[in-house]
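# Structural features, examined
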Number of protein chains: 2
Amino acid sequence: MKALLEKDNKKPGVVLDFKNVPFVDKLENRLMDALSDSEGPIREMCAHIFKAGGKRIRPLIVLYSGMVFSELSQNLMDAAVAAELIHMASLVHDDIVDNSLLRRNRPSINKIWGNEYAVLCGDYLFARAFGILSEKKLMKSMSFMVEAITNMCHGEIRQASDRFNSNVNVESYYVRIAKKTAIFLQSCAKSGACIGGAGEKDIDIMGEYGLNVGYAFQIIDDILDFCGEVDVMGKEKYGDLKQGNITLPVILLMNKDEYRNWLLEIINSRRLNDNDIDKICNALKESGVLDESSEIAAGHIKKARKCLDMLPKSNYTDFLYSLADMLQSRIN
Amino acid sequence: MKALLEKDNKKPGVVLDFKNVPFVDKLENRLMDALSDSEGPIREMCAHIFKAGGKRIRPLIVLYSGMVFSELSQNLMDAAVAAELIHMASLVHDDIVDNSLLRRNRPSINKIWGNEYAVLCGDYLFARAFGILSEKKLMKSMSFMVEAITNMCHGEIRQASDRFNSNVNVESYYVRIAKKTAIFLQSCAKSGACIGGAGEKDIDIMGEYGLNVGYAFQIIDDILDFCGEVDVMGKEKYGDLKQGNITLPVILLMNKDEYRNWLLEIINSRRLNDNDIDKICNALKESGVLDESSEIAAGHIKKARKCLDMLPKSNYTDFLYSLADMLQSRIN
């Protein structure tokens, strides 16, 4: 397994290309099947989403979290597919919420088909996911997914209502990213471990792994919004700032006396021009808050690895370690 | 039971006020509970939706379809609540799709909170419904609800893509309203019968009842768009026509030689002014197609009643008969 993971990567133990990890082909096929029994424009939208690809982090976490405890099973594969469908649904709806026109380097569903179709496409994907889970009677997975979705809704609403809100702080940021991102990854890890037959304690530890991977993932995503390459991110740069979404680096900058008042004034104006954005980006770099944010993300990756240390050793644990390392490598 | 149903109605056997049917208070309480464990704006939106009320036709069909075969159970009540939550979710999302500003005589969620929040509110309601069904392990109900939602998505998309499409005919209209409306009512009836312990055959008959009630319901709704009172409908008049949604009365009018070319020209122009709408409404009345449409709806009500005739007699069958009659009375 380790050899497989390292096959196409120079850095040992770090997976940079998920196309080469075990069972990803099987996952893609199953996902395509699940998306192909629709008709008309919904079928076209599903094909567009499928072709846009993605890292499939959530379904792979489901699969490998389960395979730490047991062989690959059909149930595990189905729960993985359901998780990706829910993720896809939430992305389609998020792009409406954020009015995003680009997703994974392609025009978003709302950009091509309009908000009306995008709403229905997302609903269809949610229903498809629950259809798979109910058909296979995966009740626990369903509960985890329901928890993930209700939290995502609250998280997205919180993000929307906190736009240009200069009162957000590190604590409220954490609540938001837990709801928006991390609880979903926790749910995926728990769903997998549960189907794999793990005991309650191990399910919780695996969940803690997912939660920390989720925190790291979101924090890194928020950092990349300021310094990532559009080609790599597959979405517009400075999108958060333009939308008034105050993320960790900006919160840390607000906490610094020398920037606070200046930054508050810009944010409270609720209208950031290109000049403001340039200035904020420079301040984020020179003040060191991007590095501070990276260190915070690294702390979560470390916590995630510690969770894995407490679980049974398995070939598939290696992937979960690698996933954590891969996140770190995005900002190195 | 019959006495209860008739308590506040002059016309025997016809329920005009669902507030007086058995167990509706229990249903309302349970629904309120299900909606109240949210927070922030989602909680406010849920409260707005709950307060707007509604006839609760879907959950009542779940309840009574089950109670034809057994006593009221917690499972039945939960499945009923889940059905109403799904209905609420679909209304919230439909109002985005149709850009409707009025729902049940109150401003729609998208009107007050905007499309962004409305998308998330609908997602939350869907997730809440599946949360209840998964918590109670109501797998069959879940499958029926998934079928209902996937069909509703396809039906709404079909409606949107058929806007101002003068090629729609009675057959394609039926496919659309089955997907959009009738299959959901069929799913509710089957969900209830299934939880009530009915055999396969009776579940299908009850489903057929629901399907026909659904057809009648949608056809009558489409008729009322031309001749209903805004206060009674709780939404804008001529909404379908304005949006280019070609419904049964208009299709029947297109089938009449003396109106066909004139009507095609107006529809194909894709821009209907108030004068066009007035003219079409007059033509619908004078040509007799509104009456023809009512007769078609009445045919479905008759079919629905025939299904009930084949099922075991129960006090609760009476409600299901009354529900069918009540639909008819809306256009009498």
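Residues numbered from 1 in each chain as written. Chains lettered and ligands numbered in written order. Predicted model: local features only at pLDDT ≥ 70, side-chain atom pairs only at ≥ 80, totals over all residues. Heavy atoms only, no water.

### A short note on the overall build of chain A
Within chain A one finds 16 helices and 2 strands. For a compact globule of 332 residues, the expected C-alpha radius of gyration is about 20 Å, and chain A comes in at 20 Å, within 12% of that figure. On the principal axes, the C-alpha backbone points of chain A span a range of 55 × 45 × 35 Å. Counting across all 332 residues of chain A, residues that qualify as buried make up 61%. Across chain A, contacts joining residues at least 24 apart in sequence account for 74% of those joining residues at least 6 apart. As displayed, chain A offers around 13,200 Å² of accessible surface, 46% of which is attributable to carbon and sulfur atoms. Side-chain charges in chain A split into 42 positive and 46 negative, and the spacing between the mean points of these groups amounts to 2 Å. (Helix = DSSP H or I, 4+ residues; strand = E, 2+ residues; numbered from the N terminus. Rg over C-alpha atoms; globule rule 2.2 N^0.38 Å. Buried < 20%, exposed > 50% of the residue type's maximum accessible area, 1.4 Å probe, protein only. Contact = heavy atoms within 4.5 Å. Areas by Shrake-Rupley, 256 points an atom, 1.4 Å probe, with all protein chains shown as cover. Lys, Arg positive; Asp, Glu negative; His and termini not counted. Charge placed at Lys NZ, Arg CZ, Asp CG, Glu CD.)

### Looking at the packing of aromatic side chains
Residues and elements named next belong to chain A. Tallying each qualifying case throughout the model produces 13 aromatic pairs over all chains. With a centroid separation of 4.1 Å and 40° between ring planes, the pair formed by Y64 and F319 is classed as tilted. Residue Y64 is located in helix α4 (residues 57-67), and its partner F319 is located in helix α16 (residues 315-331); the two are separated by 255 residues in the primary sequence. Ring geometry for Y259 versus W262: centroids 6.3 Å apart, planes at 55°, classification tilted. Taken together, the positions of Y259 and W262, both in helix α13 (residues 257-269) and 3 residues apart, correspond to about one turn of that helix. Aromatic ring contacts, followed pair by pair, group F23, Y64, Y316 and F319 into a single cluster. (Phe/Tyr/Trp six-rings, centres within 6.5 Å; stacked < 30°, edge-to-face > 60°.)

### Comments concerning the environment of Y64 of chain B
Assessed through its relative accessible area of 0%, Y64 of chain B is described here as buried. Excluding its chain neighbours within four sequence positions, the residues that come into contact with Y64 of chain B are V21, P22, Y316, F319 and L320 of chain B.

### Focus on the interface of chain A and chain B
Facing the 36 residues of chain A at the interface are 36 residues of chain B. Here chain A packs against chain B, burying approximately 3,300 Å² in sum over the two surfaces, 76% of which is carbon and sulfur. For the pair chain A and chain B, the number of links is 4 salt bridges. The partner of K179 of chain B in a salt bridge is E39 of chain A, with the nearest N and O atoms 3.9 Å apart. Put simply, chain A and chain B have 8 residue pairs in polar contact (both at pLDDT 80 or more) between them. At the level of secondary structure, the elements contributing two or more residues to the side of chain A that touches chain B comprise α3 (40-51), α5 (74-97), α6 (109-135) and α7 (139-161) of chain A. With 13 residues, α7 of chain A is the largest single contributor of residues to the side of chain A that touches chain B. In terms of residue class, the side of chain A that touches chain B is built from 20 nonpolar, 8 polar and 8 charged. (Buried area = accessible area lost by both parts, 1.4 Å probe. Salt bridge = Lys/Arg side-chain N within 4 Å of Asp/Glu carboxyl O. Polar contact = N/O pair within 3.5 Å; in protein donor to acceptor, adjacent residues only side chain to side chain. Nonpolar A, V, L, I, M, F, W, Y, C, P; charged D, E, K, R; others polar.)

### Regarding the relation of the copies chain A and chain B
Least-squares fitting of chain A to chain B yields an RMSD of 0.0 Å, with the transformation described by 0.0 Å of translation along the axis and a rotation of 180°. Overall, the copies show the geometry of a two-fold rotation axis. Measuring from the rotation axis to each C-alpha of chain A, the shortest distance belongs to V119 of chain A, at 3.4 Å. The fraction of interface residues of chain A whose copies in chain B are also interface residues reaches 100%, indicating that both copies meet through the same surface. (Least-squares fit on C-alpha atoms with pLDDT ≥ 70 in both.)

### What about the packing of α3 of chain A against helix α7 (residues 139-161) of chain B?
Where α3 of chain A contacts α7 of chain B, the two axes come as close as 8 Å, and the packing angle between them is 105°. Taken as axis vectors, α3 of chain A and α7 of chain B run roughly perpendicular relative to one another. The residues of α7 of chain B that touch α3 of chain A, namely those facing P41, I42 and M45 of chain A, are C153, H154 and I157 of chain B. For the contact of α3 of chain A with α7 of chain B, the class distribution of residues is 5 nonpolar, 1 polar and no charged. (Axes fitted to C-alpha atoms, helices over the stretch in contact; angles between N-to-C directions. Parallel < 35°, antiparallel > 145°, perpendicular 65-115°, else oblique.)

### Section: unusual backbone geometry
Residue and element names in this part refer to chain B. You will see that F164, though not glycine, has its phi angle at about 55°, which is positive. Tracing the sequence through the fold places F164 in the loop between α7 and α8 (170-195). Its identity as a non-glycine residue notwithstanding, R270 has a phi of 60°, on the positive side. Tracing the backbone through its elements, the reader meets R270 in the loop between α13 (257-269) and α14 (274-287). Given the relative accessible area of 48%, R270 is considered partly exposed.

### A word on empty space enclosed by the protein
One pass over the structure, following the stated rule, counts 6 cavities of 30 Å³ or more. If you trace the largest cavity, you find 13 residues lining it, with I49, V92, D95, R103 and I109 of chain A closest to the centre. Elements represented by at least two residues in the lining of the largest cavity include exactly α3, α5 and β2 (106-107) of chain A. Among the elements that take part in the lining of the largest cavity, α5 of chain A stands out by supplying 4 residues, more than any other. Computed from the structure, the second largest cavity encloses a volume of approximately 130 Å³. Together, H48, I49, A52, M88, L91, V92, D95, R103, R104, P107, S108 and I109 of chain B line the second largest cavity. Contributing elements (two or more residues each) for the lining of the second largest cavity: α3 (40-51) and α5 (74-97) of chain B. The element best represented in the lining of the second largest cavity is α5 of chain B, accounting for 4 residues. Grouping the amino acids of the lining of the second largest cavity by side-chain chemistry returns 7 nonpolar, 2 polar and 3 charged. (1 Å grid on protein atoms, 1.4 Å probe; cavity = no way out; pocket = protein on both sides within 12 Å on 5 of 7 lines; lining within 4 Å. Points joined across faces, edges and corners; volume = space filled by probe spheres on them.)

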